[in-house]
Amino acid sequence: MGREAALGLDSLQATTNGAVEMLGWEHPEIFLLSPLIVLALILYRRSKKNVEALEKLFVPVLRRKYLRISLTLFKLLFLASVLVAAAGPYYTYQVEEHVPVEDAHLLKGKPVIHVILIDVSKSMSYQLGLTSRLDAAKKLLETYLYKLGEKDVVHLVAFYGEVRPLYTGKPVDAVAALNKLRADKKYTAIGDALAYACSYARASRLPAVILLVSDGKNNYGGDPVQAAEVLREANIPLAVVAVGDDGVLGRVAEAAGGKVYLLNEFTSEAVLDFASQVARDARYSALSARGEAVISKTVYDYSPAVVAAVLAVVFFVASMVEGV
Amino acid sequence: MKRLATRPVIFTVFAILLIILFALTYVQWQPSTSSPEIEELPELFVKAAYGLNYSTKLLEISLTGSIPDPSEHYSSMLSLSAKLRNLSEEGILTYSRLGRELRDSARAYSAIALAASKLDTLSMEIANTVPLIDAMFHNLIQCNISAAASTAEKLEPKLRTLKQATDAALKALAGVDADKLLSDQHRAIYSEAAEEAAKIGHMLVEISKIVNMLRNVDADTLRAACIAHKMGNTISLTNCKMLSQHLLAINPSKGCKYGYELGLIKSWLKALGQQSQNGQTSSGTGGGAGAGQPSSDD
């Protein structure tokens, strides 16, 4: 119970209970005192004859042999219960707890695949504040990559009229590939990029999330809204970063059941916190879609110690029938 | 008969001893309130640094709106601070140069432990207030101005309390003589704590700006600007000057957890045809070559 609190997870809601994992003792050294029980028993046995003589004179009911044996047994059980309770028996079991998005940092150890689709069409070279749309997007993505878990995998894909996978591997190492990108390609095929990402995410055994970074000027390939609907059916989460204006991206995100983040000259002022928020939400949505937004924790249940203490009291009271 | 009487007594005493033993295993010994020995100092210094580190992490987590109960940690830090302060006042530490250095360090670590306790208080206040702040931003971004204003009203006194708690934490941190800390790691922990507390202070300033905006700007003006921004339109309101001033004062980069939301609200400037702090026009286009909005990528 105390350890549960120490984990700081009291507020989380338990969803499934696991089986008993093991029985343990908080103070097993207490059992070194067990010879004292034998000693007490010997003392009691040695006084038995005198007690019997006393019983004959004053307490005729104790002439009954079974009662006398019971009382001896109660005394013995009392001492044993005290010893067991003092040793602090507990059992442990695993519980899986649902983690709310606010506590998404607790899920950092779980791997997630991030399929990042970045628009490198010419329109991404236009100005956004003091920089270009692509540079603002790169800055956001760089922070995004640094905010991911060490076990996460990034699949970086540039798209324009075509879809070009650039890098697959650790998040931090994707920064180099990201920095090489130039916005000088023709056309923007958001639908095709989403279809590619959907195939990739479907083939993955790990929870996956698609991050689409674009200015939404779709003018080539398949219908992005239809592609987004396929994502929703496949239960693949989509996060959209709309650079400048959201254009068609609002409808795309809505069709996929995802969220749109607006990257403009104002929100880019808070790029660090913005990227952290996108990274957190993206990871969480991927894990949540696969039912993996849970953490497993060991619960220490000390109810055996309480039971032993209660039994000790019962046996003590019962043994008092005979008198001290 | 005498012999007969003694045995049950022995038995009872034995049973009572066992019960006492049982009780003792569950009783938490209260820490000694007496002055610690000098030998304890290194351990106490580490405890103080560890405590500050824990408090900083707690402060970070508090922005999620839920934290483990810090009351136990708070009390232990207060008690540690008092212990170290008492020790720093002991005469034995003035007899030698090493003694005087230890005395100064004990004062510094006492201040560290005190700062940790102040951060715990701040964390608790923040965790309690975050749901209200979240609700205010959510409503404001959804153009639900009345609900946002009502939340802001409830938020105002809490923000005052938070500012006081932040000031107290910053003051306690300022009272630490970092040069007297005995390791670089401890100094790094201290710097991180100061940085985190300062970040929270800046964040509160930005949130206060939003609360002030909701209080001072007409709700219809706010609603019109919000809706116009959502629709990608520009509006010209006669009384939007005050709104512009409030929006221009917002600094999303200082918004910490709420940086993105602050940026979105500041984006309303576009709807008012205003310029950003960077001097760019509201349409997101500059005057340079190739800066025009593309019609296509062909």
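Novice: I tried to follow the overall build of chain B on my own but got confused; where do I start?
Specialist: Each helix and strand in chain B was counted, giving ten helices and zero strands. Counting from the amino terminus, helix and strand elements in chain B follow one another as α-α-α-α-α-α-α-α-α-α. Considering only contacts in chain B between residues 6 or more positions apart, those separated by 24 or more positions represent 73%.

Novice: What is the right way to read the overall build of chain A from this model?
Specialist: Assigned secondary structure in chain A consists of eleven helices and eleven strands. Classification of the 324 residues of chain A by burial places 44% in the buried group. Within chain A, counting contacts between residues at least 6 apart in sequence, those at least 24 apart form 81% of the total.

Novice: Sorry, what's going on with the nonpolar core here?
Specialist: Nonpolar side chains tend to gather and get buried jointly when the protein is soluble and globular. Of all hydrophobic cores here, the largest spans 152 residues; its most connected members are L117, I210 and V241 of chain A together with I112 and A115 of chain B. Considering every element that reaches this core, the biggest residue donor is helix α4 (residues 97-141) of chain B, with 18 residues. With near-sequence residues (within four places) excluded, I112 of chain B lies in contact with A48, A49, L52, V176 and Y190 of chain B. Counting residues in each nonpolar core, the second largest holds 15 residues, with A86, A87 and A308 of chain A together with L18 of chain B among its members.

Novice: Looking at this structure, I do not really get the sheet that holds strand β6 (residues 153-159) of chain A. What am I missing?
Specialist: Whenever strands of a sheet pair, they do so through backbone hydrogen bonds, lying parallel or antiparallel. All names here are of chain A. If you trace the six strands from one edge of the open sheet to the other, you get β7-β6-β3-β8-β9-β10, paired in mixed fashion. Unpaired on one side and paired on the other, β7 (163-169) and β10 (259-263) mark the two borders of the sheet. Adjacent strand axes in the sheet meet at a mean angle of 20° when their direction is disregarded. With six bridges connecting them, β6 and β7 associate as antiparallel partners. Its bridge partner lying in β7, V157 is registered against P165. Its contacts with the sheet place helix α5 (residues 133-147) against β3 (113-119), β6, β8 (208-214), β9 (238-243) and β10, and it is angled at close to 145° to β9.

Novice: Whenever I open this one, helix α9 (residues 249-256) of chain A confuses me. Can you help?
Specialist: Residue and element names in this part refer to chain A. Considered for burial, the residues of α9 that qualify are L249, V252, A253, A255 and A256. When α9 is viewed along its axis, its buried side chains cluster within an angular range of 160° and face the same direction. Buried residues in α9 make contact with α7 (190-203), β8, α8 (224-233), β9 and β10. The first or second residue beyond α9 is G257, which carries a positive phi of 70°.

Novice: Before we go on, may I ask you to explain unusual backbone geometry in this structure?
Specialist: Residue and element names in this part refer to chain B. Phi at C143 takes a positive value of approximately 65°, unusual for a residue other than glycine. If you trace the backbone, C143 turns up in the loop between α4 and α5 (145-174). Take C143: there are 17 C-beta atoms within 10 Å of it, and that puts it in the partly exposed class. Although it is not a glycine, C256 adopts a positive phi angle of roughly 55°. For C256, a count of 22 C-beta atoms within 10 Å gives the class buried.

Novice: Would you explain the environment of V271 of chain A in this entry?
Specialist: Residues and elements named next belong to chain A. Position of V271 relative to the elements: it lies in helix α10 (residues 271-289). Look at V271 and you get buried, because 21 C-beta atoms sit within 10 Å. C-alpha separation for the pair V271 and V213, spaced 58 residues apart in sequence, amounts to 14 Å. Those residues in contact with V271, other than ones at most four positions away along the chain, are K139, L140 and T143.

Novice: Before we go on, may I ask you to explain the confidence of the model for chain B in this structure?
Specialist: Parts of the model with low pLDDT should not have their predicted coordinates read in detail. Residue and element names in this part refer to chain B. Averaged over every residue, the pLDDT of chain B is 85; residues scoring 70 or more account for 82%. pLDDT under 50 marks residues 28-35. Its contacts with residues more than four places away, or in other chains, come to four contacts. In the model, residues 275-295 has pLDDT below 50 throughout and makes 38 contacts with residues more than four positions away in sequence or in other chains. For this predicted complex, the interface score ipTM comes out at 0.72, while the overall pTM is 0.75.

Novice: Whenever I open this one, the packing of helix α3 (residues 71-88) of chain B against α4 of chain B confuses me. Can you help?
Specialist: The axes of two packed helices give the description: the angle between them and the distance between them. All names here are of chain B. One can describe the packing of α3 onto α4 by two numbers: an axis separation of 8 Å at closest approach and a directional angle of 160°. Looking at the two axes, α3 sits roughly antiparallel to α4. The two elements α3 and α4 meet at a crossing, and its hand is left-handed. Judged by residue contacts, H73, Y74, M77, L78, L80, S81, L84, R85, L87 and S88 of α3 engage R103, A106, R107, Y109, S110, A113, L114, A116, S117, D120 and T121 from α4. When grouped by side-chain class, the residues that make up the contact of α3 with α4 number eleven nonpolar, six polar and four charged.

Novice: Looking at this structure, I do not really get α8 of chain A. What am I missing?
Specialist: Residue and element names in this part refer to chain A. Taken together, the buried positions of α8 are occupied by P224, A227, A228 and L231. Down the axis of α8, the buried set is contained in an arc of 100°. They therefore lie on one face. On its buried side, α8 packs onto α7, β8, β9 and α9. Immediately beyond the C-terminal end of α8, within one or two residues, lies N235, with a positive phi of roughly 60°.

Novice: Whenever I open this one, the packing of α4 of chain B against α5 of chain B confuses me. Can you help?
Specialist: Residue and element names in this part refer to chain B. Interhelical geometry of α4 versus α5 gives an angle of 165° and a closest axis separation of 8 Å. For the element pair α4 / α5, the angle class is roughly antiparallel. Crossing geometry of α4 relative to α5 is assigned as left-handed. Split by residue class, the contact of α4 with α5 holds 21 nonpolar, six polar and four charged.

Novice: Explain the confidence of the model for chain A to me, please; I cannot follow it from the model alone.
Specialist: Per-residue confidence for chain A gives a mean pLDDT of 86; residues scoring 70 or more make up 88%. Predicted confidence for residues 1-17 of chain A stays below pLDDT 50, and this span has 29 contacts to residues more than four positions away or in other chains.

Novice: Please clarify how the environment of V240 of chain A should be interpreted in this entry.
Specialist: Residues and elements named next belong to chain A. Considering the arrangement of structural elements, one finds V240 in strand β9. Residue V240 is classed as buried on the basis of its C-beta count, with 27 C-beta atoms lying within 10 Å. For the pair V240 and I116, spaced 124 residues apart in the sequence, the C-alpha separation amounts to 10.0 Å. The residues contacting V240, other than those within four sequence positions of it, are L212, L249, V252, A253, G258, V260 and Y261.

Rules used throughout
- Residues numbered from 1 in each chain as written.
- Chains lettered and ligands numbered in written order.
- Predicted model: local features only at pLDDT ≥ 70, side-chain atom pairs only at ≥ 80, totals over all residues.
- Helix = DSSP H or I, 4+ residues; strand = E, 2+ residues; numbered from the N terminus.
- Contact = placed C-beta atoms within 7 Å.
- Buried ≥ 20, exposed ≤ 12 C-beta atoms within 10 Å, placed from the backbone.
- Core = buried A, V, L, I, M, F, W, Y, C linked by C-beta atoms within 7 Å.
- Pairing = 2+ DSSP bridges.
- Axes fitted to C-alpha atoms, helices over the stretch in contact; angles between N-to-C directions.
- Arc of directions from axis to C-beta.
- pLDDT = per-residue confidence, 0-100.
- Parallel < 35°, antiparallel > 145°, perpendicular 65-115°, else oblique.
- Left-handed = near helix turned anticlockwise from the far one by under 90°.
- Nonpolar A, V, L, I, M, F, W, Y, C, P; charged D, E, K, R; others polar.

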